[in-house]
Amino acid sequence: MKILVCISQVPDTSTKIVLKDDNTAINNQGTTYIVNPYDEWYALVCALELKESGTASDIHLITVGKADVEPVIRKALALGGDEAIRIDADSNDPFQTATYIAEYAKSVSYDLILCGKESIDYNNGAVGAMLAGLLDIDYIGFATDIQINGSSVIVKREIEGGEETDACSLPVVIACQKGVAEARIPNMRGIMAARTRPLKAVTPVAVDPVTEILAYELPPAKAGIKLIEADNMDELVALLHTEAKVL
């Protein structure tokens with residue numbers, strides 16, 4: 001069984017985001033980027049577990065981006081992928097991204113495509129579903145457990161107020177979240193090997209985006225913190241009334 005894992009580059013949650021060009025773009029200078037946690041901790045590790053159990057034979061990693069995303073895809077490769085593919089294009093449109101990946105996936109015929117439930121920058125959660133639609137195969141989102149049995153798959157997924165169990169035939173696209181696998185840290189051997197592993201750069205197909213980002217807006221700055229002495233409850237209550245207005 002061949003597995004394709006979709007990898008996206010996102011800003012580290014601890015990095016300071018600076019906007020440029022009239023708030024229409026992120027200034028990459030000084031911004032730290034990481035592998036999207038849902039892609040790394042859950043989708044990729046789930047694929048590795050399937051390979052270690054003998055269920056899968058090959059794990060391919062795919063990302064959409066220019067040469068500056070290569071450190072991120074190499075980090076994913078260090079965890080244990082067999083081959084890494086970079087679609088040589090910039091895109092923040094989910095349909096465009098899904099189309100790029102779908103066109104490559106059609107040429108290889110993967111049995112299982114895994115991705116994170118969403119990226120932590122745009123939080124669209126749309127690429128996986130669009131990818132399945134473009135490939136005309138089933139899609140299951142918010143997966144917390146995946147079991148492969150021959151040519152079929154049983155998936156537990158989180159739904160509003162509970163859990164649902166779905167069954168379908170391969171091939172399928174599954175979006176993973178917490179619970180489907182345990183996060184791992186790449187070992188030194190994997191890191192060193194990933195530095196010299198070849199990355200396959202693919203020219204993207206021609207496709208126009210269907211959405212456009214008009215502007216970004218940073219959240220409001222946090223207000224100052226007032227410290228009240230532990231024995232001064234009267235002042236605390238007064239501030240909760242007059243300033244915080246929560247009483």
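Our structure is the block above this text.
K.L.:
Could you clarify how one ought to interpret the overall build of the protein chain in this entry?
P.N.:
Of regular secondary structure, the protein chain possesses 6 helices and 13 strands. Along the longest, intermediate and shortest principal axes, the C-alpha atoms of the protein chain span 70 × 45 × 40 Å. Looking at the protein chain as a whole, 38% of its 247 residues are labelled buried. Long-range contacts, defined as pairs at least 24 residues apart, comprise 68% of the intrachain contacts of the protein chain with a sequence gap of at least 6.

K.L.:
In this structure, what is going on with helix H3 (residues 94-106)? I would like to understand it.
P.N.:
Helical geometry: 3.6 residues make up each α-helical turn, so side chains three or four residues apart lie on a common side. In this model H3 runs 18 Å from its N-terminal to its C-terminal C-alpha over 13 residues, within 8% of the 18 Å that 1.5 Å per residue would give. Most of H3 sits inside the fold, with 10 of its 13 residues counted as buried. Among the residues making up H3, those that are buried are Pro-94, Gln-96, Thr-97, Ala-98, Thr-99, Tyr-100, Ile-101, Ala-102, Tyr-104 and Ala-105. Buried residues belonging to H3 abut strand E1 (2-6), strand E6 (58-64), strand E7 (83-87), strand E8 (112-116), helix H4 (127-135) and strand E13 (199-202).

K.L.:
When you look at the pattern of salt bridges in this model, what are you seeing that I'm missing?
P.N.:
Oppositely charged side chains may form a pair once their charged atoms are brought near each other. Taken as a whole and judged by the stated rule, the model has 9 salt bridges. Salt-bridge contacts for Arg-86 lead to Glu-70; the nearest nitrogen and oxygen are separated by 3.4 Å. Of this pair, Arg-86 sits in strand E7 while Glu-70 sits in helix H2 (residues 70-80), and the two are 16 residues apart along the sequence. It is possible to trace a salt-bridge network through shared partners that takes in Lys-66, Glu-70, Arg-86 and Asp-88.

K.L.:
Can you help me understand a nonpolar patch on the surface in this one?
P.N.:
There is a patch of nonpolar side chains on the surface, built from Val-237, Val-246 and Leu-247 and spanning about 280 Å² of accessible area. By the secondary structure assignment, Leu-247 is in the segment after helix H6 (233-242).

K.L.:
Where do I start with the packing of helix H1 (residues 37-52) against H2 in this structure?
P.N.:
To characterise two packed helices, one gives the angle between the axes of the helices and the distance between these axes. At their nearest, the axes of H1 and H2 sit 10 Å apart, and the two run at 35° to each other. In this structure, the crossing between H1 and H2 has a hand that is right-handed. Counting all contacts with H1, which are made through Glu-40, Leu-44 and Leu-48, the residues of H2 involved are Lys-75, Ala-76, Leu-79 and Gly-80. Along the lines of polarity and charge, the residues of the contact of H1 with H2 split into 4 nonpolar, 1 polar and 2 charged.

Reading the values: the criteria
- Residues numbered from 1 in each chain as written.
- Predicted model: local features only at pLDDT ≥ 70, side-chain atom pairs only at ≥ 80, totals over all residues.
- Heavy atoms only, no water.
- Helix = DSSP H or I, 4+ residues; strand = E, 2+ residues; numbered from the N terminus.
- Buried < 20%, exposed > 50% of the residue type's maximum accessible area, 1.4 Å probe, protein only.
- Contact = heavy atoms within 4.5 Å.
- Expected span 1.5 Å × (residues − 1).
- Salt bridge = Lys/Arg side-chain N within 4 Å of Asp/Glu carboxyl O.
- Patch = residues over 30% accessible without salt bridge, like charges linked within 9 Å, V, L, I, M, F, W, Y side chains within 5 Å.
- Areas by Shrake-Rupley, 256 points an atom, 1.4 Å probe, with all protein chains shown as cover.
- Axes fitted to C-alpha atoms, helices over the stretch in contact; angles between N-to-C directions.
- Left-handed = near helix turned anticlockwise from the far one by under 90°.
- Nonpolar A, V, L, I, M, F, W, Y, C, P; charged D, E, K, R; others polar.

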